[in-house]
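So you can see what is in the structure, the chains are spelled out below.
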Amino acid sequence: MEMASRVEIDEDSDNNKGSMWDLDQKLDQPMDEEAGRLRNMYREKKSSALLLLRLAFQSLGVVYGDLGTSPLYVFYNTFPGTIEDPEDVVGALSLIIYSLTLIPLLKYVFVVCRANDNGQGGTFALYSLLCRHAKIKTIPNQHRTDEELTTYSRSTFHEQSFAAKTKRWLERHVSRKNALLILVLVGTCMVIGDGILTPAISVLSAAGGIKVDHPNMSNDVVVVVAVVILVGLFSMQHYGTDRVSWLFAPIVLLWFLVIGGIGIFNIWKYDSSVLKAFSPVYIFRYFKRGGKEGWTSLGGIMLSITGTEALFADLAHFPVSAVQLAFTVVVFPCLLLAYSGQAAYLMTHRDHVVDAFYRSIPDSIYWPVFVIATAAAIVASQATISATFSIIKQALAHGCFPRVKVVHTSKKFLGQIYVPDINWILMVLCIAVTAGFKNQSQIGNAYGTAVVIVMLVTTLIMTLIMILVWRCHWILVLLFTGLSLVVECTYFSAVLFKVDQGGWVPLVIAAAFLLIMYVWHYGTVKRYEFEMHSKVSMAWILGLGPSLGLVRVPGIGLVYTELASGVPHIFSHFITNLPAIHSVVVFVCVKYLPVYTVPEEERFLVKRIGPKSFHMFRCVARYGYKDLHKKDDDFEKKLFDSLFLFVRLESMMEGFSDSDEYSLYGQQTERSGDGLLNNNNGNTISFNIDTTISSVDSIVPVRSPMHANLTVRSSGQVSSQTETDELEFLNSCRDAGVVHILGNTVVRARRDARFYKKIAIDYVYAFLRKICRENSVIFNVPHECLLNVGQIFYV
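What counts and how
Residues numbered from 1 in each chain as written. Predicted model: local features only at pLDDT ≥ 70, side-chain atom pairs only at ≥ 80, totals over all residues. Heavy atoms only, no water. UniProt positions renumbered as here; feature names shortened; annotations may be inferred. Helix = DSSP H or I, 4+ residues; strand = E, 2+ residues; numbered from the N terminus. Buried < 20%, exposed > 50% of the residue type's maximum accessible area, 1.4 Å probe, protein only. Contact = heavy atoms within 4.5 Å. Areas by Shrake-Rupley, 256 points an atom, 1.4 Å probe, with all protein chains shown as cover. Patch = residues over 30% accessible without salt bridge, like charges linked within 9 Å, V, L, I, M, F, W, Y side chains within 5 Å. Salt bridge = Lys/Arg side-chain N within 4 Å of Asp/Glu carboxyl O. Pairing = 2+ DSSP bridges. Axes fitted to C-alpha atoms, helices over the stretch in contact; angles between N-to-C directions. pLDDT = per-residue confidence, 0-100. Lys, Arg positive; Asp, Glu negative; His and termini not counted. Polar contact = N/O pair within 3.5 Å; in protein donor to acceptor, adjacent residues only side chain to side chain. Parallel < 35°, antiparallel > 145°, perpendicular 65-115°, else oblique. Left-handed = near helix turned anticlockwise from the far one by under 90°. Phe/Tyr/Trp six-rings, centres within 6.5 Å; stacked < 30°, edge-to-face > 60°. Lys NZ or Arg CZ within 6 Å of the ring centre and 35° of its normal. Core = buried A, V, L, I, M, F, W, Y, C linked by side-chain atoms within 4.5 Å. Nonpolar A, V, L, I, M, F, W, Y, C, P; charged D, E, K, R; others polar. Expected span 1.5 Å × (residues − 1). Bend = angle between axes of the 7 residues up to and from the residue.

As annotated in an unreviewed UniProt entry, the protein chain carries the name Potassium transporter and is attributed to Theobroma cacao. Here the protein chain is described in UniProt, under the heading Sequence similarities (unreviewed entry), as follows: "Belongs to the HAK/KUP transporter (TC 2.A.72.3) family."

Next comes the structure, spelled out in C-alpha cells:
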C-alpha cells in the first residue's frame, strides 16, 4: 500500500448560501462604501508596488554584485598593452554596449530567467525541469506517485507535436541521456570555476587601487592585501550571510550610483563624443582596423558580461519581475554610464589604460570610492560563493557529487547554506590563482573562458526548455538559439586564442571536477542497477514464513536502502549471516526528486511488504534538491507517525473490498479510495490512497484468507480489532528500541571489465567513497543504535 497525503481545509458550505442576497446588498450599497472599496483596492496595488520595489532593491545585493564590479577590470583586459588609436576606444565601448544589451538584458533577464524552476535558477534547476517533462534521468528510481506531488509541475503535449517527437528522441537512447547529463555537469563545473576566479579577480582589482595612489609600491603588497581579504572572506562563510545580507543591497546600490555619477562627470569633463559608440557602425570599423588583435580583444570585452551566469544561479528568493526591474532601472543604465565615462577618460589619457577605473575617479572622492569598490568586490565574491554552494547541493541531490556536509546558516531562508569542504577547497584554489598569476590580465583570460562555456551550455539547455516546457514554435526556438550561438561562439573563438595565457586554468579545474562528478555518478548508477537486479524475490521471503526462519527479537529495525521498490539484497545477506531479526522491519529509502522541494505533508510514502504477520514495511522519504536531510529529531517520529497512520487507513479500506486477489508474479493489482481524518485543529485531512501491495516483481495479498468470507460489517469489526492489536504491537516494539541497519557496500569492477572501468571504479570511485562522509553521518544515526552490514558488489 502506498500513501501520499496533503492537507486541505474544508470551507464552510454555508458561505455559498444567500449569494443572491449578497448581490442585492452590493447593488444597494451607498456611494461612500463603493469609494471605500476603491480606496482599499488602490492601497493593495500600492502595497504590491512597494513590495516589488523593495524586492528589486534587495536583489541588487544578491544578484548583481558580480556583474556590477566588471568596470574594475574590463578596459585593462581589452587593451593589455597601449591604445594606439582613440577610435579603438569607441569601438570597444560600442562592443560593450551591445554585449550588455544582447546577453544580460535580452537573453538572461527577459528570457532565461523565465525558465526558473519555481524560482530556482542554475543549470541543475533547468535539468530538473527537463527531467519532469521527459524520462531522461539516468538513475531509474522514478515512481508514478512522485508525479502526484503538488510541486511536481509539468505540462502535457500532443503525441504528434514537435515537443513529443523531441521527447521520444531524447528517451530512445541512453547515450543521449548521458550526453545531456555531461553537458549539465560541464556547465556546473564552470560555475564552480567562477566561484574560484570571481573572488580572485574582483578583490585583486579592488585592492589594486592602493598602488594607483602609491605608484612606487610593489605589486606583491597588493597581492598580499588581496590574499588577506580572501582568507577573511572564506573564513567568515560558516556564519552565513543572514546577519550581514541587509548591508549587501545598500552597498551595491551605492556602488552603481557612484560609478554612474563618475561616468556622467567624465563624459562631461573629457569627451562627450564617445556617445557615438551607440552606433553599431563603430564595431565594424573596430574589427576592420584591428584585424586579429581586435578579434582576440573580445576576450577582454566579454568580461563586461561576467556575472550574468551568477545572475541566473542566484535567482532564488526574488520574483523575476523584481530582477527585471532592478536591471532595467538601475544596473543597465549605470553600467553604460560607467563604461562610457571610462572611455571618455581614455580618449585623452590613453597611457592610463592599466588602471583606467581608479585614474578616472576625481581626486576629492578617491578613497571613499576605493572603500566602496572593495566592499562591492567582497559582496560580488560572496554572491558567487553562495551560488557555488547552492549548485553543489543540487548536484549532491541528483547523485552527481560525493556526500559532503551541508549546513543551513539561516532559519528563515532554506537556500542559505554552507558546505565546509567545498569552502576550503575554493579558498585554497582562489589564493593559488591570485598569488600565482599576480595580475588581472591572466586571471581575466581564465575568467572569460569559464563564463563563455557556461553561457553556451545554458543556450543549449534553453533550447530543450523552449521545446519541451514552453512548447514554443520551432521558428522562435531557432531564432533564439541561432542568435545566442552566433554571439557566444564569436566570444568563444576569441577566448581560444588566450588558452595559453591563463585560459587553461578553468579548463583544468573543470576537468578535475567533471571527472569527480561523472565517476561518482557512474558508480552510483552501477550500484543502483546491481541492487535492482539482485533484489530478493517475494517467493523466497514468503517461503521463510512469518518468523523469516529466525528469532524475532523485540524492537524495530530500520534498514536503509536506495531502492524505492522491492526487498534489497542487503536484507538476505543480513538474515543469512545473523540468527535474529527485529519483530518489525522497515525499509527506509531517502530519495531525492527533480523538484525544488517536497512539502512536509507529502514527504513519506508507506507500503506493506508481505502479509501482516510478517510485520515488514517500506517507507520512502522524498526530498527536493533544495531540501536538506538535516539533523532532525522529528524525522524518526514523523516516520513512525506515517507508519501508524498507514495501518489505520489500511484497516479502514479493507471494508470496501468484497473479494481478494492473490498473485505473486502477475500484473499489478490496484484498488484505490479516499479516506478522511480530522486532526486536532478540526481541519479535514484528505488522503489519496493507492492500496497496491506490490513491488516491481511481486504482489502480495491485501488481507489474510481468514477474512475472505466475512461480511462487510463483520470485516469492519475484525479490522478494527486487528488494527488496535497491530498498533499496540508496533508501539511496544518501538519502546523496546530502534536499530538503524546500514549497508557498508564495497563496489568492485569485474575481472573481465575494461581497464578504464577498473580505473574508474576500483581507484577513483573507491577513493571518493573513502574520503566522503559516511551514510550514518548523513542520516545522523547515533552510534549506539547503528549496525553496519558489509558486502561487495561486482559491477
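And the narrative resumes.
Asker: I keep staring at the overall build of the protein chain and nothing clicks. Help me out?
Answerer: When its secondary structure is counted, the protein chain shows 27 helices and 11 strands. Sorting the 795 residues of the protein chain into buried and exposed places 55% on the buried side. A separation threshold of at least 6 residues defines the contact pool for the protein chain, and within that pool the share at least 24 residues apart is 83%. When the accessible surface of the protein chain is summed, it comes to about 34,800 Å², and 60% of that surface belongs to carbon and sulfur atoms.

Asker: Looking at this model, I keep getting lost on a nonpolar patch on the surface. Mind explaining?
Answerer: Where nonpolar side chains cluster on the molecular surface, the patch consists of Phe-162, Trp-474, Ile-475 and Leu-478 and spans about 460 Å² of accessible area. In terms of residue count, the dominant contributor to the nonpolar patch is helix 20 (residues 474-496) (3 residues). Of note, Trp-474 is situated in helix 20.

Asker: Teacher, can you tell me more about the sheet that holds strand 11 (residues 786-794) here?
Answerer: In spatial order, the strands read 6-7-5-4-10-11; together these 6 strands make up an open sheet with mixed pairing. Strands with a single pairing partner mark the edges of an open sheet, and in this sheet they are strand 6 (604-608) and strand 11. For this sheet, the mean inter-axis angle between neighbouring strands, taken without regard to orientation, is 25°. Pairing analysis gives 5 bridges linking strand 6 to strand 7 (residues 616-623), with the strands arranged antiparallel. Across the sheet, Leu-605 pairs through a bridge with Val-620, a residue of strand 7. Against the sheet, helix 23 (residues 569-577) makes contact with strand 4 (551-560), strand 5 (580-592), strand 7, strand 10 (738-748) and strand 11, and its axis sits at roughly 115° relative to strand 11, the strand it touches most.

Asker: Would you take a moment to explain the pattern of salt bridges for this structure?
Answerer: Note on pairing: side chains with opposite charge can pair once their charged atoms come close. For the structure on display, the rule yields 14 salt bridges. For Glu-488, the salt bridge is made with Lys-107, and the minimal N-O distance between the two is 2.4 Å. Of the two residues, Glu-488 sits in helix 20 while Lys-107 sits in helix 5 (residues 86-109), which places them 381 residues apart along the sequence. Per residue, the accessibility class of Glu-488 equals that of Lys-107, and both read buried. Taking the shortest distance from any N to any O, the salt bridge between Lys-167 and Glu-171 comes out at 3.0 Å. Separated by 4 residues within a single helix, Lys-167 and Glu-171 lie in helix 7 (residues 162-172), roughly one turn from each other. Because the salt bridges share partners, they merge into one network encompassing Asp-85, Asp-88 and Arg-289.

Asker: I would appreciate a short explanation of the side chain of Ser-340 in the present structure.
Answerer: Secondary-structure assignment places Ser-340 in helix 15 (residues 320-348). Those residues within four positions of Ser-340 in sequence are excluded, and the remaining contacts are Leu-93, Ile-267, Val-274 and Leu-275.

Asker: Got a minute to help me understand the confidence of the model for the protein chain in this structure?
Answerer: Low-pLDDT portions of the prediction should not be read for the details of their coordinates. When pLDDT is averaged along the protein chain, the result is 79, and 82% of the positions lie at 70 or above. Note on residues 657-718: pLDDT under 50 across the span, and 122 contacts to partners over four residues away in sequence or across chains.

Asker: Quick question: what am I supposed to make of helix 23 here?
Answerer: Working note: α-helix, 3.6 residues per turn, so residues spaced by three or four point in the same direction. Residues of helix 23 that are buried: Ile-570, Phe-571, Ser-572, Phe-574 and Ile-575. Turning to helix 23, the residues buried within the fold contact helix 22 (538-544), strand 4, strand 5, strand 7, strand 10 and strand 11.

Asker: Can you help me understand the side chain of Lys-498 in this one?
Answerer: Tracing the backbone shows Lys-498 in the loop between helix 20 and helix 21 (504-533). For the buried Lys-498, no salt bridge exists, and the shortest N-O distance to an oppositely charged side chain is 9.5 Å, to Asp-500. Only 3.4 Å separates the side chain of Lys-498 from the backbone oxygen of Thr-296, close enough to count as a polar contact. When neighbours within four sequence positions are excluded, Lys-498 is seen to be in contact with Asn-77, Thr-296, Gly-299, Gly-300, Asn-445 and Gly-503.

Asker: Looking at this model, I keep getting lost on the packing of helix 5 against helix 12 (residues 281-296). Mind explaining?
Answerer: Geometrically, a packed helix pair is captured by the angle between its two axes and the distance between the axes. Running from N to C, helix 5 and helix 12 cross one another at 125°; their axes reach a closest spacing of 8 Å. With respect to each other, helix 5 and helix 12 are oriented oblique. For the element pair helix 5 and helix 12, the recorded crossing hand is left-handed. Residues Glu-87, Asp-88, Val-90, Gly-91, Ala-92, Ser-94, Leu-95 and Tyr-98 of helix 5 form the contact with helix 12, whose participating residues are Tyr-282, Ile-283, Tyr-286, Phe-287 and Arg-289.

Asker: It is not clear to me how the pairing of strand 4 should be interpreted in this structure. Could you clarify?
Answerer: A regular strand places its side chains so that they alternate between the two faces of the sheet. Counting buried positions along strand 4 yields 7 of 10 residues, so the element is predominantly enclosed. Of the strand pairs in this sheet, strand 4 and strand 5 are connected by 8 bridges, and their pairing is parallel. Within the sheet, the bridge partner assigned to Arg-552 lies in strand 5 and is Ile-581. Where strand 4 and strand 10 come together, 4 bridges link them in parallel fashion. Paired with Gly-557 across the bridge in strand 10 is Val-739.

Asker: What should I look at first to understand the packing of aromatic side chains in this one?
Answerer: The geometry of an aromatic ring pair comes down to the distance between the two centres and the angle between the two planes. Considering all chains together, one arrives at 22 aromatic pairs under this definition. Relative to Phe-357, the ring of Trp-255 has its centre 5.5 Å away and its plane inclined at 45°; by these criteria the two rings are tilted. One end of the pair, Trp-255, is in helix 11 (residues 245-269); the other, Phe-357, is in helix 16 (residues 356-359), and 102 residues separate them in sequence. What links up through ring pairs into an aromatic cluster is the set Trp-255, Phe-357, Tyr-358, Tyr-366, Trp-367 and Phe-370. Here the guanidinium or amino end of Arg-114 rests over the ring plane of Trp-470, the centre of that ring lying 4.9 Å away. The ring centre of Tyr-282 lies 5.1 Å from the NZ or CZ of Arg-285, which sits over that ring.

Asker: Even after reading the chapter, I still don't get unusual backbone geometry, so can you show me in this structure?
Answerer: Apart from glycine, the bulk of residues carry a negative phi angle, and the bulk of peptide bonds sit in the trans form. The residue Arg-471 is not glycine, and still its phi comes out positive at about 55°. Along the polypeptide, Arg-471 turns up in the loop between helix 19 (440-468) and helix 20. The class of Arg-471 is partly exposed, set by a relative accessible area of 45%. Phi is positive for His-615, which is not a glycine, with a value near 55°. Residue His-615 is classed as buried on the basis of its relative accessible area, which comes to 16%.

Asker: What exactly am I supposed to notice about the nonpolar core here?
Answerer: Most often, soluble globular proteins have nonpolar side chains that are buried together. By size, the foremost hydrophobic cluster in this structure holds 164 residues, and its most contacted members are Tyr-64, Phe-75, Phe-124, Phe-256, Tyr-358 and Ile-465. Tallying contributions element by element places helix 15 first for this core, with 18 residues. Excluding its chain neighbours within four sequence positions, the residues that come into contact with Tyr-64 are Ser-59, Val-109, Phe-256, Leu-311, Val-323, Ala-326, Phe-327 and Val-331. Core analysis: the next-biggest nonpolar cluster, separate from the first, contains 27 residues, Val-588, Phe-635, Val-647 and Val-781 among them.

Asker: Explanation requested: the environment of Tyr-98 in the structure shown.
Answerer: One can find Tyr-98 in helix 5. For the pair Tyr-98 and Ile-283, spaced 185 residues apart in the sequence, the C-alpha separation amounts to 9.4 Å. With residues up to four places along the chain from it excluded, the contact list for Tyr-98 reads Ala-277, Phe-278, Ser-279, Pro-280 and Ile-283. A polar atom in the side chain of Tyr-98 sits 2.3 Å from the backbone oxygen of Phe-278.

Asker: Explain the packing of helix 6 (residues 123-133) against helix 17 (residues 366-397) here, please?
Answerer: Between helix 6 and helix 17, the least distance of the axes is 9 Å, while the angle of their chain directions is 35°. Residue-level inspection shows Thr-123, Phe-124 and Ala-125 of helix 6 in contact with helix 17, the latter providing Ile-391, Gln-394 and Ala-395. Class assignment of the residues belonging to the contact of helix 6 with helix 17 gives a composition of 4 nonpolar, 2 polar and no charged.

Asker: Sorry if this is basic, but what is going on with helix 26 (residues 755-771) here?
Answerer: Between its terminal C-alpha atoms helix 26 stretches 23 Å, which fits the 24 Å expected from 17 residues at 1.5 Å a residue. The axis of helix 26 is deflected most strongly, by about 30°, at Tyr-765. For helix 26, the set of buried residues is Lys-757, Ala-760, Ile-761, Tyr-765, Leu-768 and Arg-769. On its buried face, helix 26 is in contact with helix 21 and strand 10.

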